[in-house]
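Next come the chains, spelled out residue by residue.
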Amino acid sequence: MKLISDLPLARFDTDRAAGMRSNANWLTDAWASDSTRILVVQEGNVPVTDDVSLIWVKPSAISEPLEQVRDSAVLLGVDTDHTYIALVNDVASLDAISWLSLRGIGSQLSSRDVGLAIAAVALNSWHATHKYCPRCGTATLVVQAGWARHCPTDNSEHYPRTEPAMIAAVNDDKDRILLGRRNEWQPGWFSTLAGFVEAGESAEACVVREVFEEAGVHVDPSSLIYLGSQPWPFPASLMLGYRATAVSTELAREEAEMAEVRWFSKEEFEAACIKQELRLPNDSTIAFHLIQHWYGKPIPTEWTRK
Ligand SMILES: [Zn+2]
């Protein structure tokens, strides 16, 4: 089985220029250059035009003094036309038309823009919550063009954390799919089951545990097929997607988390989607693509929640 190659938030085609992150002169030149493009991130959202294109601005468009914002800058990458930098600590204001989350619009952006913006959003959330050294509590300094923080007291370096989460399209021997609705979701909102990897746990063990905890269904660990991953930095996840085969079908939902868990045949799935009794995650999510992988043909966007 081939990997799902077009996961929307996994697209990336720009050189991240990691070798330039500690080159102060090169970074100073980049800030002075008219060809540099800045993406301002505010509270995890990005500025977009009415037709949902990212708004990149020149350094001269940033009204705040450069000395004031440079500690909040992240070098995102370079291509033949531009150097791309993000301002991630809510330090700059911008008269953008609207601020939106990549959760909703990721699939509509170009691969260049989504690849750069997803890193900017991930670092926005990391810097906002990791201002102090976890060893000694000293306020840390931003280094490596926004990709690390340094503690001046004990000289430790700290890097952005990514939390792996497993998500699985579980099938039974009749090719039905197991979907669940979380307690906080509206009636009809269903998705594949997912959960965070616990300390000391493998990806495979996590899938088996989560599916059993949430739905009471046993999965054969040797049936797992890895289908791909995409970042989900809301705030810090990496979603790893699997197909899995159940060895039991009786359902016993985890009442603290799940309002409903159900098996759907393709006919039941289609009928429920058409009647809008079933609303799927939007097409920026890996869940949508795992469900589409099982369904075997393109899923109309009218079947998704906005
Ligand atoms: Zn420290």
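All of these numbers come straight from a predicted model, not from anything done at the bench.

Draft legend 1. Seen up close, the overall build of the protein. Tallying secondary structure elements over the protein gives 7 helices and 14 strands in all. Relative to the globule expectation of 19 Å for 306 residues, the C-alpha radius of gyration of the protein, 22 Å, shows essentially globular dimensions. Along the first, second and third principal axes, the C-alpha set of the protein runs to 60 × 45 × 35 Å. Within the protein, the fraction of its 306 residues that count as buried is 48%. A total of about 14500 Å² of accessible surface is found on the protein, and carbon and sulfur atoms cover 50% of it.

Draft legend 2. Quick look at the packing of aromatic side chains. Across all of its chains, the model carries 9 aromatic pairs by this definition. Aromatic pair Phe269 and Trp294: ring centres 5.1 Å apart, planes at 90°, arrangement edge-to-face. With Phe269 in helix α6 (residues 266–274) and Trp294 in helix α7 (residues 286–295), this residue pair connects regions lying 25 residues apart in the sequence. Here Phe269 and Trp294 have matching classes, each one buried.

Draft legend 3. Region of interest: unusual backbone geometry. Pro235 follows Phe234 through a cis peptide bond whose omega is 15°. Within the secondary structure, Pro235 is located in the loop between β12 (225–232) and β13 (237–245). A positive phi angle, near 60°, is found at Asn155, a position not held by glycine. For Asn155, the position within the fold is in the loop between β7 (148–150) and β8 (157–158). Residue class for Asn155 comes out exposed when judged on its relative accessible area of 54%. The phi dihedral of Asp175 is positive, around 65°, even though this residue is not glycine. Positionally, Asp175 belongs in the loop between β9 (163–171) and β10 (177–182).

Draft legend 4. Quick look at the sheet that holds strand β6 (residues 141–143). With antiparallel pairing, 3 strands are arranged side by side in an open sheet as β6-β7-β8. In this open sheet, the two strands that pair with only one neighbour each are β6 and β8. Inspection of the sheet shows β7 paired to β8 by 2 bridges, in the antiparallel sense. Within the sheet, the bridge partner assigned to Arg149 lies in β8 and is His158. Across the face of the sheet, helix α4 (residues 111–129) comes into contact with β6, β7 and β8 while running at roughly 20° to β7.

Draft legend 5. Spotlight on the domain arrangement of the protein. The assigned domain composition of the protein is domain 1 (8–129) and domain 2 (163–297). The C-alpha-based centres of domain 1 and domain 2 are spaced at 33 Å. On the domain 2 side, the residues contacting the 14 residues of domain 1 number 11 residues. Summed over both partners, the interface of domain 1 with domain 2 comes to about 1000 Å²; 59% of that surface belongs to carbon and sulfur atoms. The largest share of the area that domain 1 buries against domain 2 comes from Pro8, Leu9 and Arg103, three residues that together contribute 51% of it. Counting across the interface, domain 1 meets domain 2 through 0 salt bridges. Where domain 1 meets domain 2, there are 6 residue pairs in polar contact (both at pLDDT 80 or more).

Draft legend 6. Just the coordination of the zinc ion, in detail. Surrounding the zinc ion are the protein donor atoms Cys133 (SG), Cys136 (SG), Cys151 (SG) and Asp154 (OD), at 2.2 to 2.4 Å. Each donor residue of the zinc ion lies on the same chain, and together they follow the pattern C-x2-C-x14-C-x2-D. Pair noted here: Cys136 is in the loop between α4 and β6 and Cys151 is in the loop between β7 and β8, with a separation of 15 residues, a long-range link. According to the relative accessible area criterion, Cys136 is partly exposed, its value standing at 38%. Taking the relative accessible area as the measure of exposure, Cys151 reaches 0% and is therefore buried.

Draft legend 7. Region of interest: the side chain of His158. Examined against the element boundaries, His158 turns out to sit in strand β8. Once residues within four sequence positions are removed from consideration, His158 is found in contact with Trp126, Cys133, Pro134, Thr140, Ala148, Arg149 and Cys151.

Draft legend 8. Focus on the sheet that holds strand β4 (residues 83–87). Spatially, β1-β4-β3 is the arrangement adopted by the 3 strands of the open sheet, whose pairing is mixed. Of all strands in the sheet, those with a lone pairing partner are β1 (37–40) and β3 (73–78), marking the two edges. Neighbour-to-neighbour, the strand axes of this sheet turn through a mean angle of 25°, independent of strand direction. Pairing of β3 with β4 involves 5 bridges; the strand directions are antiparallel. The partner of Leu75 across the bridge, within β4, is Ile85. In this fold helix α1 (residues 24–32) packs onto β1, β3 and β4, with an angle of close to 85° to the strand it touches most, β4.

Cut-off values and rules
For every chain, the first residue of the written sequence is number 1, and numbering continues from 1 along that sequence. Totals for whole chains, interfaces and linings use all residues, but because this is a predicted model, local features are given only for residues with pLDDT of at least 70 and pairs of side-chain atoms are given and counted only at 80 or more. As a convention, hydrogens and water are excluded, and side-chain values are obtained from all of the structure's heavy atoms. Put simply, DSSP H or I for four residues or longer makes a helix, DSSP E for two residues or longer makes a strand, and each gets a number counted from the N terminus. Two things to know: the radius of gyration comes from C-alpha atoms, and the globule rule equals 2.2 Å times the number of residues to the power 0.38. Buried residues are those whose accessible area, probed at 1.4 Å on protein chains only, stays under 20% of the maximum for their type, while exposed residues exceed 50% and partly exposed ones sit between those limits. In short, Shrake-Rupley with a 1.4 Å probe defines the accessible areas, and a residue's cover is counted only from the protein chains shown. When the centres of two rings from Phe, Tyr and Trp lie within 6.5 Å, Trp using its six-membered ring, the rings pair. Their planes under 30 degrees apart give stacked, over 60 give edge-to-face, and anything left gives tilted. Any two strands are treated as partners once DSSP identifies two or more bridges connecting them. Working rule for contacts: check all heavy atoms of both residues, and any pair within 4.5 Å makes them a contact. Every angle, taken between N-to-C directions, lies between 0 and 180 degrees, and every axis is a line fitted to C-alpha atoms, over only the stretch in contact when it is a helix. Those domain boundaries reflect an automatic or database domain assignment. Values labelled buried area give the accessible surface lost by two parts on being combined, using a 1.4 Å probe and summing over both. Any Lys or Arg side-chain nitrogen found within 4 Å of a carboxyl oxygen on Asp or Glu counts as a salt bridge. Definition of a polar contact: a pair of N or O atoms within 3.5 Å, with one able to donate and the other able to accept a hydrogen when the atoms are protein atoms, and with sequence-neighbouring residues admitted only if both atoms are side-chain atoms. In this listing, donors mean N, O and S atoms no farther than 2.8 Å from the metal, or 3.2 Å for Na, K and Ca; water is missing from the atoms, so a site can look incomplete.

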